[in-house]
Number of protein chains: 2
Amino acid sequence: MGVVIPFDGQVESDGRPQPSLDPLVRLTSQDMTLINDLILEKAQSHVELIPQLAGHLINSGGKRIRPMLTVAAARMCGYSGLHHVKLAMSVEFMHTATLLHDDVVDESDMRRGKEAARIIWGNQASVLVGDYLLGQAFKMMVETGSLECLRILSEAACVIAEGEVLQLAVSQDTATTEDSYLKVVVSKTAALFSAAARVGAVISNRPRKEQEALEAYGRNLGIAFQLIDDALDYAGSRAAMGKSVGDDFRERKITLPVILAFRRGSEPERKFWKRTLEEGSQANDDLIYAQKLLERHGSIAETMNRARHYGQLSKDALAIFADNDWKAALLEAVDFCVSRTH
Amino acid sequence: MGVVIPFDGQVESDGRPQPSLDPLVRLTSQDMTLINDLILEKAQSHVELIPQLAGHLINSGGKRIRPMLTVAAARMCGYSGLHHVKLAMSVEFMHTATLLHDDVVDESDMRRGKEAARIIWGNQASVLVGDYLLGQAFKMMVETGSLECLRILSEAACVIAEGEVLQLAVSQDTATTEDSYLKVVVSKTAALFSAAARVGAVISNRPRKEQEALEAYGRNLGIAFQLIDDALDYAGSRAAMGKSVGDDFRERKITLPVILAFRRGSEPERKFWKRTLEEGSQANDDLIYAQKLLERHGSIAETMNRARHYGQLSKDALAIFADNDWKAALLEAVDFCVSRTH
């Protein structure tokens, strides 16, 4: 054990500074100011309910990691125009639309520590405002004049929806394999991370090799990000997460921690998972028992290990780019994502 | 009164043949075969639920009037390429996505004479498959390489969503004015009709004047179409409509027939509308009484008069085009839409 040196940032127990999103936030801050202004502007409408509902989610303190990826990717590629701002806004609106529709699909009560929009304004408005934001996202992409960016992001929109439908289909099925689970994750989460990073290279007119490298960076980062999310859903604290712990359990989602615990579990334990997740019969203490089973089989730790594996793939994908501050920030963002506790 | 001459088509009581969609259907049939194949192909996915759910709606015998408008507009403009097929498919997918989301928003049980998809597969899948079809629509637009078509159709996507949200906001409010109602109609229905027609001129590289003429044609046709829809919702028969009569009443939508009857009604009648539509307290015979009130104040006939007015605007907009079979079919389609009984 190294000596813990207290300083401005957090430190890990071995004395190395905790990886942070700060360098990425700092480098992108000027661009992100433009993007945040554009987000507020494009969430406007003469129909008052739209900015009200959209603003509720937009102002709820998401990390905006996806648009930061677009900005950093473009800047790392030497881009000096302004279209990356429009692309980044489009990416964030696609994400916001997905969240609004997800909350309806999952019947969630909370989002980012606040009441979900659907609880305040209803499912109907959440579906329609999501559609509106998606339309605005495409309008903004058109303004960049890049058909290739439009192709990549419209393809991502399809893949994300496919992933969500697939998740519906495998949900409540404890026989879900790790492969099926990964397919869901690659589609519903990694597709937007990879598109967000890739369009940064495309708008910079960089060669296909660099586009694909950023695509791989984003894809693997997205997988890692989602695996950590799924682990934290059982292991995090409500205050840090900004959403309820155990949401996935209550919504009967089959995520990797459960898949591993189910496979490694005894027959009575499997019966427990079947009762709670397949049949949906959940008693008060079941979440605590579920957490105990995940602990017993090391499922959370193993899920985080898998996340670190994809994090490493993500970082390796950037090897072809010359070292600079942007690249360093993108690399540290990966470390942050796999070590985050919220 | 003229003599009624029985012949192959329907005849009006004055002896003129009933306007028909047949000429438009006949002229576009070759293109529509390609479009229908493309629709089936692009509704596919390795996630089985997607083609199942999408196919349920796609194969339920909609008239496909919107993609026919795109085809006929392009052909009237002398287009000889194949991109109009892709645009027409995109238009139909945007429409299908809207229907899927609408059924969730309206909590409808029936659509085109069949159980609504949301009843069979649930709201969740309907939302997500709608998102998938919207993504596929944009992918297909990108394939045409026309940024202007992408601009027009993504703008339409925003306006449609805005119209739907506005409808939510004014629904259940008997104080809704005819102006507010028209705003909803222009957005939620006419926006896609106008975009569908306009992109036909855009893909044919026709001058702005012709694009705008087709835009006006589609917009006014869309308004007329929706007004007739709203009239038929109270006046049609279930068998002919393929959906339940009185849906709007049950969903407490304020449409033009009601706005007119409310304004022309006595105080007790207004209390009836407030109880049934604002407060949502509806008894068994209330729909029949509502229909009687609409009859008493001539609201259905007046709504159809308004529709004919917009139909005339729609036809006049095509004056700048040279006469040919395509134009004739587009003109007759307007007459069909304002005289239809289903």
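Note that this is a predicted model, so its numbers are computed, not measured.

Visitor: Explanation requested: the overall build of chain A in the structure shown.
Guide: Helix and strand content of chain A: 15 helices and two strands. Here chain A has a C-alpha radius of gyration of 20 Å; the compact-globule value for 342 residues is 20 Å, and the two agree. Along the first, second and third principal axes, the C-alpha set of chain A runs to 60 × 55 × 35 Å. Residue pairs in contact within chain A that sit at least 24 positions apart in sequence constitute 73% of those at least 6 positions apart.

Visitor: For this particular structure, what's the right way to read unusual backbone geometry?
Guide: Trans is the prevailing form of peptide bonds, just as negative phi is the prevailing case for residues other than glycine. Residues and elements named next belong to chain B. Within the chain, Gln172 stands out as a residue other than glycine whose phi angle is a positive 70 degrees. Mapped onto the fold, Gln172 is located in the loop between helix H6 (147-170) and helix H7 (178-203). For Arg252, which is not a glycine, the phi torsion comes out positive at approximately 60 degrees. Its place among the elements puts Arg252 in the loop between helix H10 (247-250) and helix H11 (256-264).

Visitor: What is the right way to look at helix H3 (residues 65-76) of chain B in this model?
Guide: Since there are 3.6 residues in each turn of an α-helix, residues three or four apart along the chain are aligned in direction. Residue and element names in this part refer to chain B. Here H3 contains 12 residues, and its C-alpha end-to-end distance of 16 Å stays within 8% of the 16 Å for a straight helix at 1.5 Å per residue. Looking at H3, one finds that the buried residues are Ile65, Arg66, Pro67, Met68, Leu69, Thr70, Val71, Ala72, Ala73, Ala74, Arg75 and Met76. Tucked into the core, H3 has its buried residues touching helix H1 (22-42), helix H4 (83-106), H7, helix H8 (208-235) and helix H15 (325-339). In the stretch just after H3, Gly78 is the one whose phi turns positive, near 85 degrees.

Visitor: What exactly am I supposed to notice about helix H8 (residues 208-235) of chain A here?
Guide: Its 28 residues place the ends of H8 of chain A 40 Å apart at the C-alpha level, agreeing with the 40 Å of an ideal helix rising 1.5 Å per residue. For H8 of chain A, the tally of buried residues reaches 24 of 28 residues, placing the bulk of the element in the interior.

Visitor: Explain the relation of the copies chain B and chain A here, please?
Guide: Copy one and copy two of the chain differ by a rotation about an axis and a translation along that axis. It takes a turn of 180 degrees to lay chain B on chain A, together with a shift of 0.0 Å along the axis; the resulting RMSD is 0.0 Å. On the angle and the small slide along the axis, the relation comes out as a two-fold axis.

Visitor: How do you make sense of the environment of Ile65 of chain A when you look at a structure like this?
Guide: Residues and elements named next belong to chain A. Its location among the elements puts Ile65 in helix H3 (residues 65-76). Assessed through the 20 C-beta atoms surrounding it within 10 Å, Ile65 is described here as buried. Put simply, Ile65 and Gln312 are 247 residues apart on the chain and 18 Å apart in space, counted from C-alpha to C-alpha.

Visitor: For this particular structure, what's the right way to read the domain arrangement of chain A?
Guide: Frequently, the measure chosen for interface size is the accessible area removed from exposure when the parts meet. Residue and element names in this part refer to chain A. Splitting chain A by domain gives domain 1 (20-145) and domain 2 (152-325). The centre of domain 1, based on its C-alpha atoms, is set 21 Å off from the matching centre of domain 2. The interface is formed by 27 residues belonging to domain 1 together with 25 residues belonging to domain 2. Secondary-structure elements contributing two or more residues to the side of domain 1 that touches domain 2 are H3, helix H4 (83-106), strand E1 (110-111) and helix H5 (117-144). Counting residues per element, the side of domain 1 that touches domain 2 draws most heavily on H4, which supplies 10 residues.

Visitor: Can you help me understand the packing of helix H1 (residues 22-42) of chain A against helix H15 (residues 325-339) of chain A in this one?
Guide: Think of two packed helices as two axes; the pair is described by the angle between the axes and how far apart they sit. Residue and element names in this part refer to chain A. As a packed pair, H1 and H15 sit with axes 8 Å apart at the nearest point and diverge in direction by 140 degrees. By the criterion of interaxial angle, the relationship of H1 to H15 is oblique. Where H1 crosses over H15, the handedness of that crossing is left-handed. Here Pro23, Leu24 and Leu27 of H1 lie close against H15, whose contacting residues are Asp325, Trp326, Ala328, Ala329, Leu330, Glu332 and Ala333.

Visitor: Can you walk me through the interface of chain B and chain A in this structure?
Guide: Contact residues are listed per partner, giving 35 residues for chain B and 35 residues for chain A. Mapped onto the side of chain B that touches chain A, the elements with two or more residues apiece are helix H2 (49-58), H4, helix H5 (117-144) and H6 of chain B. Sort the elements by how many residues they give to the side of chain B that touches chain A and H6 of chain B lands first, with 14 residues. For the side of chain B that touches chain A, the class distribution of residues is 22 nonpolar, seven polar and six charged.

Visitor: Looking at this structure, I do not really get the nonpolar core. What am I missing?
Guide: Within soluble globular proteins, side chains that are nonpolar generally end up buried alongside one another. Grouped together as the largest cluster of nonpolar side chains are 224 residues, with contacts concentrated most on Ala72 and Ala224 of chain A together with Ala72 and Ala224 of chain B. For Ala224 of chain B, the residues in contact, after removing those within four places along its chain, are Ala307, Tyr310, Gly311, Ser314, Val334, Cys337 and Val338 of chain B.

Visitor: Got a minute to help me understand the environment of Tyr217 of chain A in this structure?
Guide: All names here are of chain A. On the secondary structure map, Tyr217 appears in helix H8. With 28 C-beta atoms packed within 10 Å, Tyr217 lands in the buried category. Distance from Tyr217 to Glu155, taken between C-alpha atoms, is 18 Å for residues 62 residues apart in sequence.

Visitor: Explanation requested: the confidence of the model for chain A in the structure shown.
Guide: Should pLDDT be low for a region, the predicted coordinates there are not to be read in detail. All names here are of chain A. Summing up the model confidence of chain A, the mean pLDDT is 91 and the portion of residues at 70 or higher is 93%. When pLDDT is averaged over each helix and strand of chain A, the minimum, 53, is found for helix H9 (residues 238-241) and the maximum, 98, for H3. pLDDT under 50 marks residues 1-9. Its contacts with residues more than four places away, or in other chains, come to 13 contacts. As a predicted assembly, this complex carries a pTM of 0.92 together with an ipTM value of 0.91.

Visitor: Explain the environment of Ala116 of chain A here, please?
Guide: Residue and element names in this part refer to chain A. Tracing the chain through its elements places Ala116 in the loop between strand E2 (114-115) and H5. Residue class for Ala116 comes out buried when judged on the 24 C-beta atoms lying within 10 Å of it. As for Ala116 and Leu100, which are separated by 16 residues in sequence, their C-alpha atoms are 8.3 Å apart.

Visitor: I keep staring at the packing of H4 of chain A against helix H7 (residues 178-203) of chain A and nothing clicks. Help me out?
Guide: Residues and elements named next belong to chain A. Remark: H4 packs on H7, axes separated minimally by 10 Å, with the N-to-C direction vectors making an angle of 170 degrees. The orientation of H4 with respect to H7, classified from their angle, is roughly antiparallel. When H4 is examined against H7, the residues His83, His84, Leu87, Val91, Met94 and His95 are found in contact with a partner set consisting of Leu192, Ala196, Val199, Gly200 and Ile203. Looking at the contact of H4 with H7 residue by residue, the class counts come to seven nonpolar, four polar and no charged.

Rules and cut-offs
- Residues numbered from 1 in each chain as written.
- Chains lettered and ligands numbered in written order.
- Predicted model: local features only at pLDDT ≥ 70, side-chain atom pairs only at ≥ 80, totals over all residues.
- Helix = DSSP H or I, 4+ residues; strand = E, 2+ residues; numbered from the N terminus.
- Rg over C-alpha atoms; globule rule 2.2 N^0.38 Å.
- Contact = placed C-beta atoms within 7 Å.
- Expected span 1.5 Å × (residues − 1).
- Buried ≥ 20, exposed ≤ 12 C-beta atoms within 10 Å, placed from the backbone.
- Least-squares fit on C-alpha atoms with pLDDT ≥ 70 in both.
- Domains from an automatic or database assignment.
- Axes fitted to C-alpha atoms, helices over the stretch in contact; angles between N-to-C directions.
- Parallel < 35°, antiparallel > 145°, perpendicular 65-115°, else oblique.
- Left-handed = near helix turned anticlockwise from the far one by under 90°.
- Nonpolar A, V, L, I, M, F, W, Y, C, P; charged D, E, K, R; others polar.
- Core = buried A, V, L, I, M, F, W, Y, C linked by C-beta atoms within 7 Å.
- pLDDT = per-residue confidence, 0-100.

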